[in-house]
Amino acid sequence: MRIAIIFWVVNVACVDGFRGANVQIDLSPGTPVQASVGQTPGTNEFPENVHLRLSAIQHIEDRDALIEVQRFELHKVVDVASPCFIDVGINVRFPGIHVSEFERAVQEDTGITDLANPPAGATEQQKIDAATAQQRMLNLARLGGSMGIKVVTSASESIYPALDADCTGSGLPPPACRDEASNARRLAICQDTWAADPLLFEGTDRVLTAPLAGTTFGFVDGLNPITPTPIGGAQWFVDVALEEIDEYAITVHPDGTDDPGTLFLVGTPVDGPRGVDHVHLESPSLPGVVTAEMTVFPNLGEDEVSF
Amino acid sequence: MRALLALLVVAPGCKAVECGPGTFESDGLCIPADDIVDPATCGPFTELVAGQCVPLFPPTTCDDESTTPELDPSTGVTTCIGTGTGFACEQPVQGKQTICGQLHDLQTGLPFTDGNAACAPCTTSTATGVCSLGLRAIDAIKFAMNPQDPGAVLATGALYLDDCGRFKIPDITLPTNPFVGIGIDDAAPGMAGPAGTTNAIGMATPAVANLALKDFEAFIAPTATTDVWDTGGPKVSDGIFVAIFRAARLGTVGQAGVTILRAGTPIPGDDFYFAGAPRTTIDGNASSTSANGTALVTGAQLDGYLGAGGLPTECSYEGHAGVSIPNVLFIQIFRPNGPTCDL
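First, a word on what this report is: a plain description of the structure on this page. This one's a predicted model, so the numbers in the text were calculated from it and none came from an experiment. (Residues numbered from 1 in each chain as written. Chains lettered and ligands numbered in written order. Predicted model: local features only at pLDDT ≥ 70, side-chain atom pairs only at ≥ 80, totals over all residues. Heavy atoms only, no water.)

### A word on the overall build of chain A
Across its full length, chain A holds 4 helices and 13 strands. When burial is assessed residue by residue, chain A has 50% of its 307 residues classed as buried. Across chain A, the fraction of contacts at a sequence separation of at least 24, relative to all contacts at a separation of at least 6, is 57%. About 14200 Å² of surface is accessible on chain A, with carbon and sulfur atoms providing 55% of the total. (Helix = DSSP H or I, 4+ residues; strand = E, 2+ residues; numbered from the N terminus. Buried < 20%, exposed > 50% of the residue type's maximum accessible area, 1.4 Å probe, protein only. Contact = heavy atoms within 4.5 Å. Areas by Shrake-Rupley, 256 points an atom, 1.4 Å probe, with all protein chains shown as cover.)

### With respect to helix α3 (residues 124-143) of chain A
Taking 1.5 Å as the rise per residue, α3(A) with 20 residues should run 28 Å; its terminal C-alpha atoms sit 28 Å apart, in good agreement. Of all the residues in α3(A), the buried ones are A:Asp129, A:Ala130, A:Ala133, A:Arg136, A:Met137, A:Leu138, A:Asn139, A:Leu140, A:Ala141, A:Arg142 and A:Leu143. (Expected span 1.5 Å × (residues − 1).)

### Side note on the packing of aromatic side chains
All names here are of chain B. What the rule picks out here adds up to 10 aromatic pairs over all chains. Relative to Phe330, the ring of Phe241 lies with its centre 5.9 Å away and its plane at 40 degrees, an arrangement referred to as tilted. Note that Phe241 is positioned in strand β15 (residues 240-245) and Phe330 in strand β24 (residues 328-334), a separation of 89 residues in sequence. Here a set of aromatic residues connected by ring pairs shows up, and it is made of Phe241, Phe245, Tyr305, Tyr317, Phe330 and Phe334. Sitting over the ring of Tyr160, Lys168 keeps its end group 5.4 Å from the ring centre. (Phe/Tyr/Trp six-rings, centres within 6.5 Å; stacked < 30°, edge-to-face > 60°. Lys NZ or Arg CZ within 6 Å of the ring centre and 35° of its normal.)

### Examining the pattern of salt bridges
In the structure shown here, the tally under the stated rule is 18 salt bridges over all chains. Put simply, B:Arg335 and B:Glu217 hold a salt bridge, and the shortest N to O gap is 3.2 Å. Here the residue B:Arg335 occupies a position in the loop between β24 and β25 (336-337), and B:Glu217 occupies one in strand β14 (residues 211-220), the gap between them amounting to 118 residues. In this structure B:Glu217 comes out as buried when scored by relative accessible area, which is 11%. Counted as one network, the salt bridges with shared partners bring together A:Asp87, A:Arg136, A:Asp205 and A:Arg206. (Salt bridge = Lys/Arg side-chain N within 4 Å of Asp/Glu carboxyl O.)

### Things to note about the sheet that holds strand β13 (residues 200-206) of chain B
All names here are of chain B. Pairing is mixed across the open sheet formed by 8 strands, whose spatial order is β9-β12-β13-β24-β15-β20-β18-β19. A single partner strand is all that each edge strand has here, and the edge strands are β9 (133-139) and β19 (282-283). Relative to β13, strand β12 (residues 179-186) runs antiparallel, the two being bridged by 6 bridges. By the bridge assignment for β13, Val180 is matched with Thr205. (Pairing = 2+ DSSP bridges.)

### Details of the state of the cysteines
Residues and elements named next belong to chain A. Taken as a whole and assessed by the stated rule, the structure comprises 6 disulfides over all chains. Across the disulfide from Cys84 sits Cys190; the S-S distance is 1.9 Å. Taking the torsion about the S-S bond as the criterion, the Cys84 to Cys190 disulfide, at about -90 degrees, is left-handed. With Cys84 in the loop between β5 (63-76) and α2 (102-110) and Cys190 in helix α4 (residues 180-196), this pair connects stretches of sequence that are 106 residues apart. Relative accessible area serves as the criterion here: at 0%, Cys190 is assigned to the buried category. Covalent S-S linkage joins Cys167 and Cys177, the inter-sulfur distance amounting to 2.0 Å. Since a negative S-S torsion denotes a left-handed disulfide, the Cys167-Cys177 link at about -85 degrees is left-handed. Separated by 10 residues along the polypeptide, Cys167 in the loop between β6 (150-153) and α4 and Cys177 in the loop between β6 and α4 bring together distant segments of the chain. Take Cys167: its relative accessible area is 31%, and that puts it in the partly exposed class. Cys177 sits in the buried class, given a relative accessible area of 2%. (Disulfide = S-S within 2.5 Å.)

### Side note on the sheet that holds strand β11 (residues 166-172) of chain B
All names here are of chain B. One open sheet accounts for 4 strands, arranged β10-β11-β8-β14; its pairing is mixed. Strands at the two margins of the open sheet, each flanked by one partner only, are β10 (160-161) and β14. Judged from the 5 bridges that link them, strand β8 (residues 97-105) and β11 form a sheet pairing that is antiparallel. Counterpart to Gln97 in the pairing with β11 is Ile172.

### Side note on a nonpolar patch on the surface
Residue and element names in this part refer to chain A. A contiguous nonpolar surface patch, about 270 Å² in accessible area, is contributed by Phe18, Phe237 and Leu300. Structurally, Phe237 is set in strand β8 (residues 230-238). On the basis of relative accessible area, Phe237 is assigned to the exposed category, the value being 52%. (Patch = residues over 30% accessible without salt bridge, like charges linked within 9 Å, V, L, I, M, F, W, Y side chains within 5 Å.)

### A few points about the nonpolar core
Within soluble globular proteins, side chains that are nonpolar generally end up buried alongside one another. If you look at the biggest cluster of nonpolar residues, it comprises 37 residues, and the most contacted ones within it are A:Leu54, A:Leu74, A:Leu242, A:Tyr248 and A:Met294. Listed by contribution, the elements that provide at least two residues to this core are β1 (21-27), β4 (50-60), β5, β8, β9 (247-254), β10 (262-267), β12 (277-282) and β13 (291-297) of chain A. In contact with A:Tyr248, not counting residues within four places along its chain, are A:Leu54, A:Ser55, A:Ala56, A:Leu242, A:Leu265, A:Val266, A:Gly267, A:Pro269, A:Val279, A:Leu281, A:Met294 and A:Val296. Among the nonpolar cores identified, the runner-up in size contains 35 residues, and B:Ile220, B:Val236, B:Ile282 and B:Ile331 belong to it. (Core = buried A, V, L, I, M, F, W, Y, C linked by side-chain atoms within 4.5 Å.)

### Some details on α2(A)
Residues spaced three or four apart along an α-helix face the same direction, because each turn holds 3.6 residues. Residue and element names in this part refer to chain A. Every buried residue of α2 is accounted for by Phe102, Glu103, Ala105, Val106 and Thr110. Axial view of α2: buried residues confined to an arc of 160 degrees, hence all on one face. Check the buried side of α2 and you find it contacts α3. The positive-phi residue at the C-terminal boundary of α2 is Gly111, with phi of around 80 degrees. (Arc of directions from axis to C-beta.)

Below is the structure:
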């Protein structure tokens, strides 16, 4: 019994669990996002097929030692151009429909094409459904627009299968195909693609923090254009303990290559209270325009608090 | 008991891994770096930053005496603008926003300039013309809720206005609300409101720190313009929200056939449209914009507005807030948007 007590007393000061670190980052509102699937990058957009890497750096004598801490991507929260921007779930009205066709499908279903002049006999529920569908389209334009929400996501090199030429093929149907068979085929192909690569991101307007596929780590600082309320902040739990780091960098890399990448943001950690580090990251090419504030909680496995 | 104390002394913390230089602790183990970069790999006039060789000097250095640097945030390219006749929009100081642009006559859409303008800065206030105007930055939300709120006025650097109608409002202290407004009226206190060169004008844009917003379209509208609207249209005394729908993401061409929506719903009775391209005669029967792309709205209570119609299906108008404030024209530009919109 005495031995057991001694072991308990000796070990009580340690919490032996996750030994990595927690990284929390606020990317400034001007941060670019990746272009929509299959689209040429526009103003303030990265190409579609890139990812970003957060790296930690140690200065050792006259050299820099780097380690990749986290890989991520930046997207608009909804990408109407994506072939798999669809409705999924047991409560959706048209499973597998491309969301850009939702209003038209509701119009066909309810017979209401003009909210101000619904057909005689239209029920109150049908009127509500038609109006809600119209509002959803308006919200999509705002969420996916240039002032829309930018999301920090998991990174993937996967791409969707090519679209069929029309609605009669056996592959991924074009978005305009909204018949039941096309919707079912689209749903199956998209879900298969997501299952094959759980990191492939596909957002939805239904729940902004719960994507159809992939992981949402958080948001670039900005406004929800619908409410409009401030949003922002992303975080990762990473395996690297992130102790004694001299510098952090975020670089942009083309997918599927060994390209060393382009330096996007860089900053030096400043020791804060209780062992928490703060990093102000600046863009060498866009100083003052694109910035980030990052907080690092290093080595969560080390807990010297005694009870 | 002595043995127990000894054990406590030798086990004060929990850190079990000490990694050497160039290695990192990951999941309790020391792992090698992904990459080790030697600064000797960097060429002349470059230095090692975060493992990459970057230029030692800024890519562009402008002559302080004859040029001013202007950064394009979308490309990262800095252009040196000549200070003789050029008009640079310099980066604001850290955490602030700068807005630069050109004044236009709302009725004609043409730049508002003085006759024989030499683009000389307004040094003294005049009775008429560009230099009779005063500009200020405002918290758009506070101003919309109470135009008399002194807390709605935002601190700025020294304003610039020249007789070509070009202006800069530098280093705006950003509001806690998400929009910065620009207020335009006659500078002389006795000429505030409808009197003088212009009615009181309000415009708004998203508040973005460290942004130099260029080419902002601002407007003036004298009573000679708005009095004509009294026939069949809204009155400035009630407040007018002026929504201008453009045909493309860039440029000043108006879009015909657009109906303004409040919270997604048409507002017959509160919206008014013009009979032709000039912003003069109101067409009481029109339900969408003429070639000038303009809708006049009354009864706006800081609502969200959109435009419907006039655009191809892959394009739609972004939403903007609008408000009707007595004796103020609140003007907002709407542009088409959409992932596959090529306008």
